[in-house]
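Now for the letters of each chain:
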Amino acid sequence: MDGQFTGWPDQAMDVLWQLQGEPSHATRERCRADRERLVRQPMIALLNEVADADPRYEDFSVWHYRSDSWWWQHQSAVIRLGRKIEIGLRFSLSGLRIQGAWWYPDPGQVDMFRRAVASEGSGRELSALVEDVRKKGYDISGDMMKRPPRGYPADHPRTNLLRHRSLVAAGLLGCEEWLHTPEAVDRVLSAAADLDALLMWLVSHVKRAA
């Protein structure tokens, strides 16, 4: 790779196929150099171009491999937008997946989130943003309590949002031919734009606890 993103080579899928199941140590070592060149380096090049298009996306990390075979079969990366708020990307045999997430919150962040959800103005705004993202085809999930938190009425109009202790909007961008071309940059930027208003709400209202 010369640093310019041209798409994931077709051979990247061949490498991931070889790493399916529970690959042996010998198989991992045999595939290591090809996986770095054909799978991980294109992700770095992709995110460099995404950052060039929008400086807000400059703080990113592209993960190395770990002992668990899952990390060899999925190339993950994150773009940090705020404390515990990020865009995640994952390349695998299923294609390219993106998510916008606020998760693994710092102490106090969940309380901040709940207060913003309960507030009429910011809460109604979030509800509309979540619905908009859902209509665009993203799955909404997160760590949720079984019941509304203490101190909030059970019949609160946004009781489902109040139950969240994290919030994730995720979608599979696909595994079509564009994945092997520079068009993947535009696909990622378009999906990031879909998630932008929701993530900026989180950045604004779920600040790091003092």
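Read on for a plain summary of the structure. (Residues numbered from 1 in each chain as written. Predicted model: local features only at pLDDT ≥ 70, side-chain atom pairs only at ≥ 80, totals over all residues. Heavy atoms only, no water.)

Quick word on the packing of aromatic side chains
Put simply, the rule reads: Between 30 and 60 degrees the pair is tilted, below 30 it is stacked and above 60 it is edge-to-face, where a pair is any two Phe, Tyr or Trp rings, Trp via its six-membered ring, whose centres lie within 6.5 Å. A 1.4 Å probe rolled over the protein chains alone gives each residue an accessible area, and that area as a share of the maximum for its type sets the label: buried under 20%, exposed over 50%, partly exposed in between. Remark: a charge is flagged as sitting over a ring if the NZ atom of Lys or the CZ atom of Arg is within 6 Å of the ring centre and within 35 degrees of the ring normal.
By the definition in use, this model includes 7 aromatic pairs. Consider the rings of Trp103 and Tyr104, whose centres lie 5.1 Å apart with planes at 40 degrees: the pair is tilted. Residue Trp103 is classed as partly exposed on the basis of its relative accessible area of 25%. Assessed through its relative accessible area of 61%, Tyr104 is described here as exposed. Clustering of aromatic rings is evident, with ring pairs tying together Phe5, Trp8 and Phe91. In this structure, Arg66 is placed above the aromatic ring of Trp71, and the distance from its NZ or CZ to the ring centre is 4.1 Å.

Overview of the sheet that holds strand β3 (residues 85-92)
The line we're drawing: By this definition, two strands are paired if DSSP reports at least two bridges between them. Strands are runs of DSSP state E lasting at least two residues, helices are runs of H or I lasting at least four, and both sets are numbered from the N terminus onward. All axes are obtained by fitting lines to C-alpha atoms, using only the stretch in contact for helices, and the reported angles, taken between N-to-C directions, cover 0 to 180 degrees.
Taken together, 6 strands build an open sheet; the order of strands is β1-β2-β3-β4-β6-β5 and the sheet is antiparallel. Each edge of the sheet is formed by a strand with only one pairing partner; in this case those strands are β1 (60-62) and β5 (139-141). On average, adjacent strands in this sheet sit at an angle of 15 degrees to one another, irrespective of strand direction. Two elements, strand β2 (residues 75-82) and β3, share 7 bridges in a ladder whose sense is antiparallel.

Function cannot be inferred from these measures alone, as they are strictly geometric.
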